[in-house]
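Remarks on the overall topology
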Amino acid sequence: MDGGALALRFHCIHPGSPFRFVTLAVHPMCEATMSKPPARWRNVDTKVCVVGLGYVGLPLAIEFGKRFETTGFDMNSKRIRQLQDKIDVTGEVSAEDIKGSRQLRFTDDSEALSAVTLFIVTVPTPIDDSKRPDLGPLISASTTIGKLLEQDCIVVYESTVYPGATEEVCVPILEHESGLTFNEGFFVGYSPERINPGDSGHRLPDITKVTSGSTPEVAAFVDELYGSIITAGTHRAPSIKVAEAAKVIENTQRDLNIALVNELAVIFNKLGIDTQAVLEAAETKWNFLSFRPGLVGGHCIGVDPYYLTHKAEQIGYFPQVILAGRRINDGMSEYVFKEVVRLMIMNRIHIVDSNVLILGLAFKENCSDIRNTRVVDIVRLMESYGANVDVHDPVVNAGEVEAAHGISVIDKPGEQQYDAIILTVLHDAFTGLTAGDLRALGKPNHVLYEVKHLLGAEEVDGRL
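I will try to describe carefully the structure that is included in this document. Note that residues are indexed from 1 along each chain, following the sequence as it is written. Only residues with pLDDT of 70 or above have their local features reported here, since the model is predicted, and side-chain atom pairs are shown and tallied only from 80 upward, although totals for entire chains, interfaces and linings are computed over all residues. No hydrogens and no water enter the side-chain calculation; it runs on all heavy atoms of the structure.

**Describing the nonpolar core**
We define the nonpolar core as a collection of buried residues of types Ala, Val, Leu, Ile, Met, Phe, Trp, Tyr and Cys that are connected through side-chain atoms lying within 4.5 Å of one another. Between buried and exposed lies partly exposed: a residue is buried under 20% and exposed over 50% of the maximum accessible area for its type, with that area taken using a 1.4 Å probe on protein chains only. One finds Phe-119, Leu-149 and Val-155 to be the most contacted residues of the largest nonpolar core, which totals 39 residues. Looking at this core, the elements with two or more residues in it are β3 (47–51), β6 (118–121), α6 (136–146), β7 (153–157), α7 (165–178), β8 (186–190), α9 (240–271) and α11 (304–314). Non-local contacts of Phe-119, meaning those with residues more than four positions away in its chain, are made with Cys-49, Val-51, Leu-113, Ile-145, Leu-148, Leu-149, Ile-154, Val-155 and Val-156. The numbering of helices and of strands both runs from the N terminus, where a helix is a DSSP run of H or I of at least 4 residues and a strand a run of E of at least 2. Residue contacts are defined here by distance: any two heavy atoms, one from each residue, within 4.5 Å place the two residues in contact.

In structure tokens:
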């Protein structure tokens, strides 16, 4: 070690843990200020509680439940009953996955969490109608946890936030509710979620986990804890703010890249050039990044950039590139709508009282999540022009769609019924469809438009 650094070694968690020791390199000048690991971390079995059992929290709880005594907590009683019956309506985990997590139990009773030593918060962090961060669920979770904190407990946040939110928003709530002092009575960490809903090829253990902690000891503890369930390994960030910032720029970068190809698609369509053909040609260069145009929704890419721009504006910097990308992507549903209407007019199809079929409502393929889906915008725009809109999506929960958006999802489209057919989401259930299959649903004179490039340019009337 450099400069005569001192190596500290201490026991973590319980004797049966897959990791028992953490080694820290400490400069001699820091030795006097380095606090000792709390005895509770060494002598008491770690009891984990995952707060929020959605797309992020449930897979995490299952993995921890394979190794530690774990409680999955959610305020949605219906969700808890379903999970107790080994039913996950999101489709992210199977009954066998739940059954295999032998130390996992589910509850909606916060009083059952009194013995927990480590809380992990995975509640959603959406935006409001003004595109400002909505920290309501995060504040509520912190309030609940604060009332339960005991000496030396750790709270790890996974919810996407702006840099600084954990220590500026959550920690004061924890202090107030618990009566404990931060980094003396309790500690925090941040490990951003990286779940990709509907992606069976990239599961939780297969994705490198970024970790951080409010003290060096906590950072080491949290890193080793996640390392016990993440086969892909971990990356320990130097601070909580760095870990928070890393999360928001992951999705901001992707959002901007998609915005670029969306803008290119608009330009190429006006030039009469097929966007897909242009991208395929450009991709023959080794360092060209592969992105496709499309509708950007969901709870991550369409939301996270606003958390970063919110914080930037708080400190007096007004982002231009990030918000420009957001404007482009938020406007693509209106662009698709206008293109379909233009094609209908060119084919002498009157939009008022026309029948329009939209295939796919989820925010992405093979995922039942309808949060922030931009397909709803197309439905609303079509209806505002007097069209009768049918939506077919075999993946989403029809009851949830009805409750959230007042849209009825049909089981099966009828043949020769539609003036316009729009393929918006490429679920596996749609990939086998041919141009003939889709056109069979249309009237003799109809428009076929697709967003996802399933068919060839010559087989459709229009596409991004």
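The rest of the description comes next.
**Description of the environment of Thr-434**
Mapped onto the elements, Thr-434 comes out in the loop between α16 (428–431) and α17 (435–439). Between the C-alpha atom of Thr-434 and that of Ser-101, which follows or precedes it by 333 residues, the distance is 42 Å.

**Re the pattern of salt bridges**
Whenever Lys or Arg places a side-chain nitrogen within 4 Å of a carboxyl oxygen from Asp or Glu, that contact is recorded as a salt bridge. Applying the stated criterion to the full structure yields 22 salt bridges. One salt bridge connects Glu-96 with Lys-99, and the closest N-O pair in it is separated by 3.6 Å. Placement of both Glu-96 and Lys-99 in helix α5 (residues 95–100) is noted, with a separation of three residues, approximately one turn of the helix. Residues Glu-383 and Arg-380 are paired through a salt bridge, measuring 3.5 Å at the closest nitrogen-oxygen approach. With a gap of three residues between them, Glu-383 and Arg-380 both fall in helix α14 (residues 375–384), about one helical turn apart. In this structure, a network of salt bridges that share partners links the residues Lys-131, Asp-255, Arg-326 and Asp-330.

**A look at the sheet that holds strand β15 (residues 462–463)**
In this analysis, strands are considered paired if DSSP registers two or more bridges between them. A sheet is described by the order of its strands in space; here five strands give the open sequence β12-β11-β13-β14-β15, paired in parallel fashion. At either margin of the open sheet sits one strand with a lone partner, and together these are β12 (388–392) and β15. One ladder, built from four bridges, connects strand β11 (residues 355–359) with strand β13 (residues 418–423); its direction is parallel. What sits directly across from Ile-358, in β13, is Ile-422.

**Thoughts on helix α13 (residues 332–346)**
By this rule the span expected of a helix is its residue count minus one, scaled by 1.5 Å. Its 15 residues place the ends of α13 21 Å apart at the C-alpha level, agreeing with the 21 Å of an ideal helix rising 1.5 Å per residue. All of the buried residues in α13 are Met-332, Ser-333, Tyr-335, Val-336, Phe-337, Glu-339, Val-340, Val-341, Leu-343 and Met-344. Looking at the buried positions of α13, the neighbouring elements they touch are α9, α12 (321–330), α14, β13, β14 (442–450) and β15.

**A short note on the sheet that holds β7**
One open sheet accounts for six strands, arranged β5-β4-β3-β6-β7-β8; its pairing is parallel. Each having just a single partner strand, β5 (104–107) and β8 make up the two edges of the open sheet. Across the sheet, the mean angle from the axis of one strand to that of its neighbour is 20°, orientation sign disregarded. Pairing of β7 with β8 involves five bridges; the strand directions are parallel. Axis definition: a line fitted to C-alpha atoms, limited for helices to the stretch in contact. Angles are taken between N-to-C directions and run from 0 to 180 degrees.

**Here's the deal with the layout of surface pockets**
A cavity here means a set of points on a 1 Å grid, drawn over the protein atoms and nothing else, where a 1.4 Å probe fits but cannot get out; a pocket is an open set with protein on both sides within 12 Å along at least five of seven lines, and a residue lines either one if it has an atom within 4 Å of a point. Grid points are joined across faces, edges and corners, and a volume is the space filled by probe spheres set on the points. In this structure, the largest pocket spans a volume of roughly 1200 Å³. Taken together, 45 residues form the lining of the largest pocket, with Gly-54, Tyr-55, Asn-76, Pro-124 and Arg-371 sitting closest to its centre. Those elements giving two or more residues to the lining of the largest pocket turn out to be α4 (77–84), α6 and α15 (398–405). Residue composition of the lining of the largest pocket, grouped by class: 17 nonpolar, 19 polar and nine charged. Estimated volume of the second largest pocket: approximately 1000 Å³. Asn-196, Arg-254, Ile-258, Ile-301 and Lys-364 are the residues nearest the centre of the second largest pocket, which is lined by 37 residues in total. Among the elements that line the lining of the second largest pocket, the one with the most residues is α9, at seven residues. Three residue categories are used. Nonpolar comprises Ala, Val, Leu, Ile, Met, Phe, Trp, Tyr, Cys and Pro, charged comprises Asp, Glu, Lys and Arg, and polar comprises the others, including Gly. The residue inventory of the lining of the second largest pocket, partitioned by class, reads 14 nonpolar, twelve polar and eleven charged.

**Remarks on the pairing of strand β4 (residues 69–73)**
Buried residues dominate β4, accounting for four of its five residues. Call a crossover right-handed when, viewed with both strands pointing away from you, the route from the first strand across the helix to the second goes clockwise. Handedness of the β3-helix α3 (residues 57–65)-β4 crossover: right-handed. Pairing between β4 and β5: four bridges, direction parallel. Paired with Thr-70 across the strands is Leu-104, a residue of β5.

**A word on α6**
Among the residues making up α6, those that are buried are Leu-138, Ala-141, Ser-142, Ile-145 and Gly-146. Taken down its axis, α6 places every buried residue within 130° of arc, on the same side. Those residues of α6 that are buried lie in contact with β3, β6, β7 and α7. This arc corresponds to the set of directions leading from the helix axis out to the C-beta atoms.

**Considering the side chain of Glu-193**
As for its position among the elements, Glu-193 is in the loop between β8 and β9 (209–211). A 3.5 Å cut-off defines polar contacts: any pair of N or O atoms within that distance qualifies, except that in protein one atom must be a possible hydrogen donor and the other a possible acceptor, and neighbouring residues in sequence count only when both atoms are side-chain atoms. Reaching out from Glu-193, the side chain makes a polar contact with the backbone nitrogen of Ile-195 at a distance of 3.1 Å. In this structure, Glu-193 is in contact with Val-56, Glu-158, Thr-160, Lys-209, Lys-247 and Cys-300, ignoring residues within four places of it in sequence.

**A few points about the packing of α9 against α12**
Running from N to C, α9 and α12 cross one another at 55°; their axes reach a closest spacing of 8 Å. When the axis of α9 is compared with that of α12, the two are oblique. Here α9 runs over α12; the crossing is left-handed. In contact with Thr-252, Asp-255, Leu-256, Ile-258, Ala-259, Asn-262 and Glu-263 of α9, α12 contributes Val-321, Ile-322, Gly-325, Arg-326, Ile-328 and Asn-329. In terms of residue class, the contact of α9 with α12 is built from six nonpolar, four polar and three charged. If an angle is under 35 degrees, it is roughly parallel; if it is over 145, roughly antiparallel; if it lies from 65 to 115, roughly perpendicular; otherwise it is oblique. By convention, the crossing between two helices is left-handed when the near helix turns anticlockwise from the far helix through less than a right angle, and right-handed when the turn is clockwise.

**Details of the packing of aromatic side chains**
A pair of aromatic rings is counted whenever rings of Phe, Tyr or Trp (Trp by its six-membered ring) have centres within 6.5 Å, and the orientation is called stacked for planes under 30 degrees apart, edge-to-face for over 60 and tilted otherwise. For the coordinates displayed, the defined rule picks out four aromatic pairs. Seen from their ring centres, Phe-182 and Phe-186 are 5.8 Å apart, and the 40° between their planes marks the pair as tilted. The two residues Phe-182 and Phe-186 agree in class, both being buried. Centre to centre, the rings of Phe-337 and Tyr-385 are 5.0 Å apart; their planes meet at 70°, and the pair counts as edge-to-face. With Phe-337 in helix α13 and Tyr-385 in the loop between α14 and β12, this residue pair connects regions lying 48 residues apart in the sequence.

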